[in-house]
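# Coordinate inspection notes
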Amino acid sequence: MTEPLASAASPRARKPDWIRVRAPVGEAFSETRQLMRRLNLATVCEEAACPNIGECWTKKHATVMILGDTCTRACAFCNVKTGMPRAVDATEPQHVADAAAELGLEHIVITSVDRDDLPDGGASQFVKVIEALRRTTPNTTIEILTPDFRNKADAAIESIVAARPDVYNHNLETVPRLYPTIRPGARYYASLRLLETVKRLDPSIFTKSGVMVGLGEERMEIHQVMDDMRSAGIDFLTCGQYLQPTPRHAKVAEFVTPQTFQAYAAIARAKGFLLVAASPLTRSSYHAGDDFAKLRAAREAQLAKA
């Protein structure tokens, strides 16, 4: 079995040609960064060292990370810093809405750090952000990517679903066998139930979840995760290559080939997902606006057949 945790001195594996991206440059990229700094907003693009930041920010697409930039957990794959977070910023919801307005966003993705220190896990801040966006940019569709709200999920999910985001995303991240080392603060079946609950409370909200590959999982394990997702009514699957942020994070066990991603996508479509995005550089919010349009079209086509 692949050992997932790297030592401090462990070198990172050399990336194959298909995983390399250009360094971020250009005026639009700089403008996006300046806007985020001016409004005191964190982005998962920066904090998680996303490889697509150059492309997305050049198009003035940014995934806002609310509830600060410090996480109460320390997952083996994630580059977001761990520690004791600061107090929740009451001005953050309106700042997010102002950013959406200035960028002219048709679709926005909102995520957050884990906030196990808060009584509701930060759910009320998601609600306030959704409400601020509805007031300020009523035509912007809203996608949220939430943590698991450990030990407080039912009330948290109910409050967020009542605010009616257009897409509710929560990533399973990896296969159940690897949770103890890759995602030790979370529980696979609790995350699955979270997404199932969203769909039960409001079937009109699109549900979405993602997995990383290259952590030592077996292909049949990924196929089983797909089946679990479909049993929970998940509409949209994303699948991308895990990249080691620093030598202290989990090692890359394998660089999965583009051909294997194509095979995963074909299998996922056959299992009944409305939409599948699977490639080495796929991330949860990559091309999210275009994908939302495809999701709506796929649902309309499905209803027309029914």
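Check the entry above for the structure.
Presented here is a report on the structure given in the accompanying data block. Not measured: the values here are computed from a predicted model.

Attention now goes to the pattern of salt bridges. Counted according to the given criterion, the structure contains 14 salt bridges. Here K294 ties to D291 by a salt bridge, and the two come within 4.0 Å at their closest N and O atoms. Of this pair, K294 and D291 both sit in helix α11 (residues 288-305), separated by three residues, roughly a single helical turn. With a relative accessible area of 48%, K294 lands in the partly exposed category. For D291, a relative accessible area of 8% puts it in the buried group.

If you walk through the whole model with that rule in mind, you get four aromatic pairs. Taken together, a centroid distance of 4.8 Å and an interplanar angle of 90° make the contact between Y188 and Y189 edge-to-face. Assessed through its relative accessible area of 4%, Y188 is described here as buried. Pairing F206 with F292 gives two aromatic rings, centres 5.9 Å apart and planes at 90°, and the pair type is edge-to-face. Here the residue F206 occupies a position in strand β8 (residues 206-213), and F292 occupies one in helix α11, the gap between them amounting to 86 residues. On the accessibility criterion, F206 (5% relative accessible area) is buried. When its relative accessible area of 5% is taken as the criterion, F292 is described as buried. Here the basic side chain of R230 rests over the ring of F273, its NZ or CZ set 5.4 Å away from the ring centre. It is R299 that lies over the ring of F206; its NZ or CZ is 3.7 Å from the centre.

Next up on the list: the side chain of R115. Inspection of the secondary structure assignment puts R115 in the loop between β5 (107-112) and α5 (123-136). Classification of R115 as buried rests on a relative accessible area of 3%. Beyond its immediate chain neighbours, meaning those up to four positions away, R115 contacts L67, T70, T72, P85, R86, V88 and G121.

We now examine the packing of helix α4 (residues 92-103) against α5. Two elements in contact, α4 and α5, have axes whose closest approach is 8 Å; the angle formed by their N-to-C orientations is 40°. The pairing of α4 with α5 is recorded here as oblique in orientation. α5 is crossed by α4, and the crossing has right-handed handedness. Side by side, α4 and α5 meet where E92, P93, Q94, V96, A97, D98, A100 and A101 of the first sit next to Q125, K128, V129, A132, L133, R135 and T136 of the second. Across the contact of α4 with α5, the residue classes break down as eight nonpolar, three polar and four charged.

V96, I110, L133, I160 and Y168 are the most contacted members of the largest nonpolar core, which has 78 residues in total. Setting aside chain neighbours within four positions, we find I160 in contact with A123, F126, V127, I130, I144, T146, F149, P165 and Y168. Membership of the second largest hydrophobic core comes to nine residues, among which are F236, L274, L275 and A277.

Looking now at the packing of helix α8 (residues 188-201) against helix α9 (residues 219-231). At a closest axis distance of 9 Å, the pairing of α8 and α9 adopts a crossing angle of 35°. From α8, Y188, L192 and E196 reach across to α9, where they touch V225, D228, M229 and S231. In terms of residue class, the contact of α8 with α9 is built from four nonpolar, one polar and two charged.

Calculation notes
- The residue numbers shown here count from 1 along each chain, following its written sequence.
- A pLDDT threshold of at least 70 governs which residues receive local features in this predicted model, and a stricter bar of 80 or more applies before side-chain atom pairs are shown or counted, although totals over entire chains, interfaces and linings include all residues.
- Only hydrogens and water are removed before side-chain values are computed, so all heavy atoms of the structure are retained for them.
- Take a side-chain nitrogen of Lys or Arg and a carboxyl oxygen of Asp or Glu: if they are within 4 Å of each other, that pair is a salt bridge.
- Under the DSSP-based scheme used, a helix requires at least four consecutive residues in state H or I and a strand at least two consecutive residues in state E, with every element numbered from the N terminus.
- The classification of residues rests on relative accessible area computed with a 1.4 Å probe and restricted to protein chains. Under 20% of the type maximum is buried, over 50% is exposed, and intermediate values are partly exposed.
- Each pair of aromatic rings taken from Phe, Tyr and Trp, with Trp reduced to its six-membered ring, is defined by centres within 6.5 Å and is described as stacked if the planes are under 30 degrees apart, edge-to-face if over 60, and tilted in the remaining cases.
- Sitting over a ring, as applied to charges here, requires NZ of Lys or CZ of Arg to be within 6 Å of the ring centre and within 35 degrees of the ring normal.
- Between two residues, a contact is recorded if the distance between any of their heavy atoms is within 4.5 Å.
- Axis definition: a line fitted to C-alpha atoms, limited for helices to the stretch in contact. Angles are taken between N-to-C directions and run from 0 to 180 degrees.
- Roughly parallel means an angle under 35 degrees; roughly antiparallel, over 145; roughly perpendicular, 65 to 115; everything else is oblique.
- The hand of a helix crossing depends on one turn: near helix anticlockwise from the far one by less than a right angle means left-handed, and clockwise means right-handed.
- Polarity classes work like this: nonpolar for Ala, Val, Leu, Ile, Met, Phe, Trp, Tyr, Cys and Pro, charged for Asp, Glu, Lys and Arg, and polar for all others, with Gly in that last group.
- To form a nonpolar core, buried Ala, Val, Leu, Ile, Met, Phe, Trp, Tyr and Cys residues must be joined to one another through side-chain atoms within 4.5 Å.

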